[in-house]
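Survey of secondary and tertiary structure
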Amino acid sequence: MKGFFVTGMDTGVGKTIISAILVTLLKAKGLKTAGMKPFETGCLKEGELLVPSDGMFLKDVASMEEPINYITPVCLEKPLAPMVAAELDGIEIDLAPVFKAYEDLKKRYEAIVVEGVGGLLVPIKRDYLVIDLIRDFNLPVIVVSRPTLGTINHTLLTIRALHFEGLKIQGIIFNYSRPPEGTLAEETNPAVIARLTDVPVIGTVPYLKSFDTETLINTARKNLNLELLEI
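Residues numbered from 1 in each chain as written. Predicted model: local features only at pLDDT ≥ 70, side-chain atom pairs only at ≥ 80, totals over all residues. Heavy atoms only, no water.

1. Section: the overall build of the protein
- Broken down by element type, the protein carries ten helices and twelve strands.
- Taking 17 Å as the expected radius of gyration for a compact globule of 231 residues, we find that the protein reaches 17 Å, a close match to that expectation.
- Once the C-alpha set of the protein is aligned to its principal axes, its extents read approximately 45 × 35 × 35 Å.
- Within the protein, residue pairs in contact and separated by at least 24 positions form 77% of the contacts whose partners lie at least 6 positions apart.
- Here the protein contributes 24 positive and 29 negative side-chain charges, whose respective centroids are spaced 3 Å apart. (Helix = DSSP H or I, 4+ residues; strand = E, 2+ residues; numbered from the N terminus. Rg over C-alpha atoms; globule rule 2.2 N^0.38 Å. Contact = heavy atoms within 4.5 Å. Lys, Arg positive; Asp, Glu negative; His and termini not counted. Charge placed at Lys NZ, Arg CZ, Asp CG, Glu CD.)

Written out as structure tokens, the structure reads:
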């Protein structure tokens, strides 16, 4: 099966937008593609239900008919690491629905894009981190990084951790999750990271105000090396 696991060097780097771009690219190639965000925290409460905004966005981009619990099986209200959010609500996270949803989607779709939560070492449970989920899902990894000051350390640590676990890294995508500040760090960081690691830099996605399909795919074709994505 074709697919990617999208992780970040930090939180708030734009994993959802990059995941949506990848879903759009795979669909444009003619592949029936699913989006999935297995764990989402900071979900809004509507009545007695928790609504995962990122999960709903991926569901819409992928034009999926499945219920939202296929896309985001675990929803938590507090905007914290899943383990912490669950503990504060007196909830025990059950991984079984996550793996069941993933296996079901793999049977129904030709490709899948899975978005992680936070960075690699974010705890889902006390003895289970995001990097463990990546290993269990066995998808090539896209690392989303911000081009701003501090990204060299965070990105190289992420790459080193993935290498240590023997996980396949498809490449790094830099993303402007906020308007650029025009700093020297933004200008130089992507090239510096490309020099310091053997992982290919796929490209840099500019700050986007619109997330419609046409914008996503045009942005990808203009700013990403699609050959490195093997799309």
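Still to come is the rest of the account.
2. Examining the packing of aromatic side chains
- With the rule as written, the count across this model stands at four aromatic pairs.
- Note on Phe99 and Phe137: the rings are 6.0 Å apart at their centroids and 75° apart in plane angle, and the pair reads as edge-to-face. Placement of the pair is Phe99 in helix α5 (residues 96–108) and Phe137 in helix α6 (residues 130–137), with a sequence separation of 38 residues.
- Owing to a relative accessible area of 3%, Phe137 belongs among the buried residues under this scheme.
- Between Tyr102 and Phe137, the ring centres sit 3.8 Å apart and the planes meet at 5°, which makes this aromatic pair stacked. Taken together, the residues span a long stretch of sequence, with Tyr102 in helix α5 and Phe137 in helix α6 at a distance of 35 residues.
- On the accessibility criterion, Tyr102 (2% relative accessible area) is buried.
- Each member of the aromatic cluster is reached from another via a ring pair, and the members are Phe5, Phe99, Tyr102 and Phe137.
- When the ring centre of Tyr109 is taken as reference, the NZ or CZ atom of Lys32 above it lies at 4.9 Å. (Phe/Tyr/Trp six-rings, centres within 6.5 Å; stacked < 30°, edge-to-face > 60°. Buried < 20%, exposed > 50% of the residue type's maximum accessible area, 1.4 Å probe, protein only. Lys NZ or Arg CZ within 6 Å of the ring centre and 35° of its normal.)

3. Some remarks on the environment of Ile71
- Following the sequence through the fold, Ile71 ends up in helix α3 (residues 68–71).
- In the structure, Ile71 is positioned 120 residues away from Ala191 in sequence and 35 Å away in space, judged by C-alpha atoms.

4. Brief notes about unusual backbone geometry
- Backbone geometry places Ser63, a non-glycine residue, at a positive phi of 55°.
- Inspection of the secondary structure assignment puts Ser63 in the loop between α2 (53–62) and α3.
- The exposure class of Ser63 is exposed, given its relative accessible area of 52%.
- Despite not being glycine, Asn138 shows a phi value in the positive range, around 55°.
- Within the fold, Asn138 resides in the loop between α6 and β10 (141–145).

5. What about the side chain of Glu186?
- For Glu186, the location among the structural elements is in helix α8 (residues 184–196).
- One buried charge, Glu186, has no salt-bridge partner; the nearest side chain with opposite charge is Arg178, at 8.1 Å.
- At 3.1 Å, the side chain of Glu186 forms a polar contact with the backbone nitrogen of Glu181.
- There is a polar contact of 3.1 Å between the side chain of Glu186 and the backbone nitrogen of Thr183. (Salt bridge = Lys/Arg side-chain N within 4 Å of Asp/Glu carboxyl O. Polar contact = N/O pair within 3.5 Å; in protein donor to acceptor, adjacent residues only side chain to side chain.)

6. As for the sheet that holds β10
- In spatial order, the strands read β2-β7-β1-β10-β11-β12; together these six strands make up an open sheet with parallel pairing. At either margin of the open sheet sits one strand with a lone partner, and together these are β2 (33–36) and β12 (201–205). Within the sheet, the average angular offset between the axes of one strand and its neighbour, ignoring direction, is 20°.
- Bridging between strand β1 (residues 2–8) and strand β7 (residues 111–115) involves five bridges; their strand directions are parallel. Counted as the bridge partner of Phe4 is Val113 from β7.
- In this fold α2 packs onto β2 and β7, with an angle of close to 175° to the strand it touches most, β2.
- Of the strands in this sheet, β1, β2, β7 and β10 are in contact with α6, which crosses β1 at around 175°. (Pairing = 2+ DSSP bridges. Axes fitted to C-alpha atoms, helices over the stretch in contact; angles between N-to-C directions.)

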